[in-house]
Structures are given as structure tokens and as C-alpha cells.
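# Overview (structure and organization)
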Amino acid sequence: MKKIILLCTLLLAIISCKDTPKETAQAAPDSLDATYYLIRHADKMRGPDAGSDPELNNAGKQRAKFWAEELSDVDFDAVYSTDYKRTLATAQPTAEAQALSVKLYDPTHLYDAEFQQETAGKTVLVVGHSNTTPAFVNAILGENKYDEIDDALYGFLYVVTVKNGSAQVELKDFNDWSAE
């Protein structure tokens with residue numbers, strides 16, 4: 001009788017262990033699911049005195065505040081920026097409003113495995129440049145869908161949602177915004 005009870009217990013344990021991973025796999029989201037908000041830095045100083053790493057001009061400072069207000073309903077887990085004055089100054093108001101520090105990313109390594117792991121399951125703001133922002137979106141999509149942003153435009157917002165290995169993009173145009 002003890003052998004039968006032991007055999008039944010063992011059989012039940014095997015059956016319950018066998019079913020558990022299937023249920024867990026179906027219930028758990030893809031480990032790389034995330035939502036990315038990508039913007040180009042705000043309006044920068046121009047001209048011969050601006051240098052190679054220009055600051056934001058007055059309109060740019062206002063636009064950086066605009067982004068913080070526009071994105072205030074988004075609960076960000078992280079804010080990323082390239083290591084340039086204009087991108088950091090654009091990211092800072094949003095980061096401060098959400099009590100986050102700005103993390104740096106290397107624009108030559110867009111959406112690499114390390115970045116994907118760091119941002120898995122998170123909602124993230126990424127501030128880049130006229131060439132790196134659409135390139136970052138393309139890297140997430142795995143296709144070259146978006147061209148560089150015209151140098152005079154600063155108001156595009158790309159919202160990229162990655163779910164179950166598939167990415168969807170919503171492109172919003174705030175280029176009509178005015179600092180007035």
C-alpha cells in the first residue's frame with residue numbers, strides 16, 4: 001500500500017510540474033516588452049560661436065519644458081540621452097519632473113542587447129539627434145523605415161511599443177508648437 005501511495009504522489013508531482021511551465025509561459029509577458037518615447041533634442045544655438053556642442057537656445061529651453069509637460073502623464077522608468085549639452089538639457093526637465101536621473105547611451109550602439117536588457121519591461125524616454133533618433137526607431141523595428149529628421153525640425157515624437165517581439169510605432173508631430 002505504501003508503494004502505491006508513493007507511486008501516486010510521484011505521478012501527481014510529475015504531472016503538476018509538467019503543467020506549471022506552460023501556464024507560466026502563457027501568463028508571463030515577453031521579457032523584452034517595453035515602450036520607448038524617442039525625441040530629438042530641442043532647438044539649439046546656431047552660428048559660428050555655437051561650437052560643436054551647442055547649448056539650447058531660448059526656444060529650445062521652452063521646448064524642453066514643453067516635452068516635460070506633454071509627457072507628464074507617462075510614468076517613465078528611465079530617461080536616456082547622448083552625452084551632449086543639447087540632449088542632456090532637453091532630457092533634464094522630464095527627468096526632474098519624474099525624479100529620475102538622466103542615463104547616458106552611446107549613439108553608435110543603438111538598441112543593442114545591453115540596452116534591451118536594461119529597458120526590458122520599462123517605459124523609457126530616449127533623447128537623441130536628427131540622425132540618431134530615427135535610426136534608433138529603425139533599430140527597434142529591424143527595418144529602415146524612417147529617414148533623418150530635417151535639421152530645422154525639433155517636434156517629432158516616436159512612441160515605439162515592443163510586445164511579444166513585435167514593434168509598433170506611433171509618430172506624433174509637434175512641429176507647429178511655438179515657444180510664445
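Residue positions are given per chain, counted from 1 along the sequence in the order it is written. Predicted model: local features are reported for residues with pLDDT of at least 70 only, side-chain atom pairs are reported and counted for 80 or more only, and whole-chain, interface and lining totals are derived from all residues. By convention in this description, side-chain values take in all heavy atoms of the structure and omit both hydrogens and water.

Once that is clear, we can look at helix H2 (residues 58–70). To qualify as a helix, a DSSP run of H or I must reach at least 4 residues; to qualify as a strand, a run of E must reach at least 2; elements of each kind are numbered from the N terminus. Expected span, for any helix, means 1.5 Å times one less than how many residues it has. A rise of 1.5 Å per residue sets the reference length of H2, with its 13 residues, at 18 Å; its end C-alpha atoms lie 18 Å apart and thus fit the reference within 8%. To sort residues, take the accessible area from a 1.4 Å probe on protein chains only and compare it with the maximum for the residue type: under 20% means buried, over 50% means exposed, and anything in between is partly exposed. Looking at H2, one finds that the buried residues are Gly60, Arg63, Ala64, Phe66, Trp67 and Ala68. Contact criterion: two residues are considered in contact whenever any of their non-hydrogen atoms come within 4.5 Å of each other. Those residues of H2 that are buried are in contact with strand E1 (34–40), helix H3 (85–97) and strand E5 (156–163). Definition of a polar contact: a pair of N or O atoms within 3.5 Å, with one able to donate and the other able to accept a hydrogen when the atoms are protein atoms, and with sequence-neighbouring residues admitted only if both atoms are side-chain atoms. The backbone nitrogen of Ala59 lies 3.1 Å from a side-chain oxygen of the residue at the head of H2, namely Asn57.

On to the packing of H2 against H3. At a closest axis distance of 8 Å, the pairing of H2 and H3 adopts a crossing angle of 35°. The interaxial crossing formed by H2 with H3 has right-handed handedness. Residues Ala64, Lys65, Trp67 and Ala68 of H2 pack against Ala89, Thr90, Pro93 and Thr94 of H3. Ten residue types, Ala, Val, Leu, Ile, Met, Phe, Trp, Tyr, Cys and Pro, are classed as nonpolar, four, Asp, Glu, Lys and Arg, as charged, and the remainder, Gly among them, as polar. The residue inventory of the contact of H2 with H3, partitioned by class, reads five nonpolar, two polar and one charged. The axes used here are C-alpha line fits, helices contributing only the stretch in contact, and every angle between their N-to-C directions lies in the interval 0 to 180 degrees. The hand of a helix crossing depends on one turn: near helix anticlockwise from the far one by less than a right angle means left-handed, and clockwise means right-handed.

Now for the pairing of strand E6 (residues 166–173). Examined bridge by bridge, E5 and E6 share eight bridges and lie antiparallel to one another. From the neighbouring strand, Val162 faces E6, where its bridge partner is Ala167. By definition, two strands form a pair when at least two bridges between them are found by DSSP. The hairpin turn running from E5 into E6, its antiparallel successor, is two residues long, and Asn164 in that turn takes a positive phi close to 55°.

With that settled, the discussion passes to the nonpolar core. The nonpolar side chains of a soluble globular protein tend to be buried, and buried together. Only buried residues count toward a nonpolar core, which is a set of Ala, Val, Leu, Ile, Met, Phe, Trp, Tyr and Cys residues joined through side-chain atoms within 4.5 Å. In terms of nonpolar packing, the biggest core is built from 20 residues, with Tyr36, Leu38, Phe115, Val126, Phe136, Ile140 and Val160 touching the most fellow members. Mapped onto this core, the elements with two or more residues apiece are E1, strand E2 (78–81), strand E4 (123–128), helix H5 (132–141) and E5.

Let us look at the sheet that holds E2. The six strands lie next to each other as E3-E2-E4-E1-E5-E6, forming an open sheet whose pairing is mixed. Each edge of the sheet is formed by a strand with only one pairing partner; in this case those strands are strand E3 (102–104) and E6. The sheet shows a mean angle of 25° between the axes of neighbouring strands, taken without regard to direction. The pairing of E1 with E5 spans six bridges and is classified as antiparallel. By the bridge assignment for E5, Leu38 is matched with Tyr158. The strands touched by H5 within the sheet are E1, E4, E5 and E6, with E1 carrying the most contacts at an inclination of about 160°.

The pLDDT score gives, residue by residue, the confidence of the prediction method on a 0 to 100 scale. A residue-level look at the protein finds 82% of positions with pLDDT of 70 or above and a mean pLDDT of 86. Within the model, pLDDT remains below 50 along residues 1–29, and this stretch shows zero contacts once partners closer than five positions in the same chain are excluded.

A few words on H5. Counting buried positions along H5 yields seven of ten residues, so the element is predominantly enclosed. Among all positions of H5, only Thr132, Thr133, Pro134, Phe136, Val137, Asn138 and Ile140 are buried. Immediately downstream of H5, the backbone of Gly142 shows phi near 80°, a positive value.

Any pair of aromatic rings gets described here by the distance separating the centres and the angle formed by the planes. Think of it this way: a Phe, Tyr or Trp ring, Trp meaning its six-membered ring, pairs with another when their centres are within 6.5 Å, and the plane angle makes it stacked under 30 degrees, edge-to-face over 60, tilted otherwise. According to the stated counting rule, one finds 13 aromatic pairs in the structure shown. Between Tyr105 and Phe136, the ring centres sit 5.5 Å apart and the planes meet at 80°, which makes this aromatic pair edge-to-face. Placement of the pair is Tyr105 in the loop between E3 and helix H4 (113–119) and Phe136 in helix H5, with a sequence separation of 31 residues. In this structure, Tyr105 and Phe136 share a single accessibility class: buried.

With that out of the way, let us pick up the pattern of salt bridges. Note on definitions: salt bridges are taken to be side-chain nitrogens of Lys or Arg within 4 Å of carboxyl oxygens of Asp or Glu. Enumeration over the complete set of coordinates arrives at seven salt bridges. One salt bridge connects Asp151 with Lys44, and the closest N-O pair in it is separated by 3.9 Å. Within this pair, whereas Asp151 is found in the loop between H5 and E5, its partner Lys44 is found in the loop between E1 and H2, the two being separated by 107 residues in sequence. Residue class for Asp151 comes out partly exposed when judged on its relative accessible area of 35%. Owing to a relative accessible area of 16%, Lys44 belongs among the buried residues under this scheme. As a salt-bridge pair, Arg46 and Asp151 come within 2.7 Å of each other at their nearest N and O atoms. Of this pair, Arg46 sits in the loop between E1 and H2 while Asp151 sits in the loop between H5 and E5, placing them 105 residues apart in sequence. Several salt bridges share partner residues, and in doing so they unite Arg40, Lys44, Arg46 and Asp151 into one network.

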